[in-house]
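# Topology and contacts: notes
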Amino acid sequence: MRWTPRIHHHATSASSTPTPRPDAVPTPQPDATEVPKPAEAVTLLQVTDVPEGCRIAVLGPPGTLRSLDAALPTSWTIDRLEEVADLPAADLIVVTSPTPDAIAAVRARQPDASIVALAQPAAGVDAVVELLQGGATACVRSAETGLVAAHLVACARRYAVGAT
C-alpha cells in the first residue's frame, strides 16, 4: 500500500530545450571586462553592537597576547596573570596554555564567565573536544590577536557580558 500519490513525469526528448516563461526577467550576466572589487576588511572598530566595559583576564605566561589591548574596544580592561588562584572577577577569560584541568579550575572559580581556550595550532580534534567538555566556551587554535579578539567580542555579544 502506498501512502503518497504517484508522481507522473512527462517524457521529454534530449533535444528539447526549455522555453522561457513570458513573465521571466532575464538574469544580468557579469561583464567579462569588469574586475570584481575586493571585500573590505571588517575590523572590531567598525562593529557597532559591542558591549561596553567588559573585564578580561588573560591567564598564562607573561607576554602572551601582548597586543590584545589594541585589538579590543577601548572600554574593555585586561588583567594579565599566571595562576588560576590570582584570577580576578572577569566577564571573559583567555587561557593561553589550556589543559582540561586548568579549564575546569577556571570554570569552578568563575562559573558565569566565558572562557576562551587558546589551543596549539596543531591540536587534534580530541584535544579541542576535551577543552570544550572541560568547560571552555570556545577553543581557538591560533594566538593571532585579531582572531582571539573577534572570539572575545562574539562571546561578549552572545552571553550578554560587560557593564550595563
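The rules behind these values
- Residues numbered from 1 in each chain as written.
- Predicted model: local features only at pLDDT ≥ 70, side-chain atom pairs only at ≥ 80, totals over all residues.
- Heavy atoms only, no water.
- Core = buried A, V, L, I, M, F, W, Y, C linked by side-chain atoms within 4.5 Å.
- Buried < 20%, exposed > 50% of the residue type's maximum accessible area, 1.4 Å probe, protein only.
- Helix = DSSP H or I, 4+ residues; strand = E, 2+ residues; numbered from the N terminus.
- Contact = heavy atoms within 4.5 Å.
- Pairing = 2+ DSSP bridges.
- Salt bridge = Lys/Arg side-chain N within 4 Å of Asp/Glu carboxyl O.
- pLDDT = per-residue confidence, 0-100.

## So, the nonpolar core
- Ile56, Leu68, Leu72, Trp76, Leu92 and Leu152 are the most contacted members of the largest nonpolar core, which totals 21 residues.
- Taken together, the elements giving at least two residues each to this core come down to β1 (55-59), β3 (92-95), β4 (114-118), β5 (138-140) and α4 (145-158).
- If one sorts the elements of this core by residue count, α4 sits on top with six residues.
- Residues in contact with Leu68, not counting those within four places in the same chain, are Val58, Ile78, Arg80, Thr145, Val148, Ala149 and Leu152.
- Of all hydrophobic cores here, the second largest spans 18 residues; its members include Leu59, Ile103, Ile115 and Ala117.

## Things to note about the pairing of β1
- Burial analysis of β1 places four of its five residues in the buried class, which makes it a mostly covered element.
- For β1 and strand β2 (residues 77-81), the ladder comprises five bridges, and the chain directions are parallel. For Val58, the partnering residue across the bridge sits in β2 and is Arg80.
- With four bridges joining them, β1 and β3 adopt parallel strand pairing.

## Thoughts on the environment of Asp69
- Along the polypeptide, Asp69 turns up in helix α1 (residues 68-71).
- For the pair Asp69 and Ala149, spaced 80 residues apart in sequence, the C-alpha to C-alpha distance is 9.0 Å.
- Once you skip the residues sitting within four places of it in the chain, Asp69 turns out to touch Ile78 and Arg80.

## Looking at the pattern of salt bridges
- For the coordinates displayed, the defined rule picks out two salt bridges.
- Of the charged contacts in the structure, one is a salt bridge between Asp91 and Arg55, with a shortest N-O distance of 3.1 Å. Remark: Arg55 occurs in strand β1 and Asp91 occurs in the loop between β2 and β3; sequence separation between them is 36 residues.
- Measuring nitrogen to oxygen at the nearest pair gives 2.6 Å for the salt bridge that ties Arg80 to Asp69. Pair noted here: Arg80 is in strand β2 and Asp69 is in helix α1, with a separation of 11 residues, a long-range link.
- On the basis of relative accessible area, Arg80 is assigned to the partly exposed category, the value being 40%.

## Things to note about the confidence of the model for the chain
- Looking at the chain, pLDDT values average 79 and 68% of them are 70 or higher.
- Confidence, read as mean pLDDT per element, is least for α4 in the chain (90) and greatest for β3 (96).
- Under a pLDDT of 50 for its full length, residues 1-10 has, in the predicted model, zero contacts with residues more than four places off or in other chains.
- In the predicted structure, residues 38-42 sits below a pLDDT of 50 and forms two contacts with residues beyond four places in sequence or in another chain.

## So, unusual backbone geometry
- One non-glycine residue, Leu65, lies in the positive phi region at around 55°.
- In this fold, Leu65 is placed in the loop between β1 and α1.

## Some thoughts on the pairing of β3
- Across the two faces of β3 the burial is the same, with Leu92 and Val94 and Ile93 and Val95 all buried.
- Here β3 pairs with β4 via four bridges, running parallel. Bridge pairing in β4 links Val95 to Ala117.

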